[in-house]
Amino acid sequence: MGTIKKVLRCYKCGTILQDKDENSPGYIISDVFNNHKSEILLCNSCFEKVIFNSTPKVNEIDDDFYSILDRAKLSESLVVLVVDLFSFEGALPERFVKTIGETNVLVVGNKRDTLSPKIRDFDLTQYVGHRLRVAGLNIKEVILASSLNDYNIENLYIKIKELRNGRDVYLIGFQHSGKTSIANAFLKHFTNNTNRLITVSEFPGTSLRVTEIPLDKTANLYDVPGIKTQNELTDLCDKSLVDMLLPKKLVTPKNTTLSLNSGVVFGGLAKIDLISGNRTSIDVYVSSKMESNVSVLRGKNLDDLFYAGIKKGLKPTLKGYDDYTKFDIYDVFVEEEGYRSIGILGLGWISFKGNHQTFRVTVPKGVYVYYTRSKVHVRK
């Protein structure tokens, strides 16, 4: 009796797949061709062009900054690390973690006002602390704050005094974390009881200009320049687009539903597709300015629709990012059944209930993609 076997095509270019001749179109290694569990496959040529599941860029921090961290470590000072609650999940550089080592770190989760007040502060502090401890930092405590409405700044002032134990304090943070705003808010609660002035000068042995705030007769708070990043979407954007992506007020989720072979599109910047699993309700978290640019695509080839949309004027987009060679692709396999999040650093994230789905995330090359338990699920 005869048999019928489905002919497989490359998910990217549509070429018929084969495992006989590696010099002919559609070649794919035999093990994948004969033992695949999904029909979403790439020929070797497309696999190499797309750099499937490539590694995002690693933040490269200036040596002068590490000199300051070395000083903090040797003097057993307190490091106050300011992070943006909306977007901080990117991997910390290995050298950064090693340099801080066992130095005591007080984390300030800034921009609390951008997340719903219905979310418990306890849950957020646990989430932030866990993420950074897993990264290797010695987190003493996490304080949520907002420099815009002065939320918890007084408590931050008290906590710094308690944890520094008479030693110096180093205030650090990556760009867009709001570190400067936290420093300014701190100064509003600060009283200089010494005869020493607040100064701005180059830190010894470096070219970095640091604000030196006297805390007592011998100890200072050093406000260190913000650390530049290379793996956030905002690093690729001009100022107007950065202003669109960074939330200035409360972020409210936009609910939608993804069925198989549909995806949520963030203008022409990125997309997240559901490529296996049951119909899934998702909450999309982006800034209010970006929300109107979020839509759902449905069709047999979501990539073609996405790139065609960019070329037809889909907004916003990045200049020169108009075909698949400029984007990375990640598949996220969801094994857990609790509330989970998939995020794109510098843009936002989706939250959903895990049910063994597979999502495909398309982002500009080098941008960091993360997968974690949901940080914003409101308890009922």
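Above: the structure in question.
All of the points below concern the structure found in this document. In this text, all values refer to a predicted model and were calculated from it rather than measured experimentally.

**Digging into the sheet that holds strand β6 (residues 209–214)**
Strand pairing in a sheet is mediated by backbone hydrogen bonds. Such pairs are either parallel or antiparallel. Taken together, 7 strands build an open sheet; the order of strands is β3-β2-β1-β4-β7-β6-β5 and the sheet is mixed. Both edges of this open sheet fall to β3 (139–144) and β5 (199–202), since each of them pairs with a single strand only. In this sheet, adjacent strand axes meet at a mean angle of 25° when their direction is disregarded. Each of β1 (78–84), β4 (169–173), β6 and β7 (220–223) touches helix α3 (residues 63–74); the most contacted strand, β4, lies at about 145° to it. In this fold helix α7 (residues 179–188) packs onto β1, β2 (105–110), β4, β6 and β7, with an angle of close to 145° to the strand it touches most, β4.

**Some words on the pattern of salt bridges**
Under the defined criterion, the tally for this structure stands at 18 salt bridges. When the shortest N-O distance is used, the salt bridge between Asp84 and Lys111 registers 3.3 Å. Of this pair, Asp84 sits in strand β1 while Lys111 sits in the loop between β2 and α5 (121–135), and the two are 27 residues apart along the sequence. Two residues, Arg120 and Asp123, come together in a salt bridge whose shortest N-O distance is 3.1 Å. Among the residues examined, Arg120 registers a relative accessible area of 42% and is labelled partly exposed. Members of the salt-bridge network, linked through shared partners, are Glu141, Lys159 and Glu162.

About the criteria used
- Residues numbered from 1 in each chain as written.
- Predicted model: local features only at pLDDT ≥ 70, side-chain atom pairs only at ≥ 80, totals over all residues.
- Heavy atoms only, no water.
- Pairing = 2+ DSSP bridges.
- Helix = DSSP H or I, 4+ residues; strand = E, 2+ residues; numbered from the N terminus.
- Axes fitted to C-alpha atoms, helices over the stretch in contact; angles between N-to-C directions.
- Contact = heavy atoms within 4.5 Å.
- Salt bridge = Lys/Arg side-chain N within 4 Å of Asp/Glu carboxyl O.
- Buried < 20%, exposed > 50% of the residue type's maximum accessible area, 1.4 Å probe, protein only.

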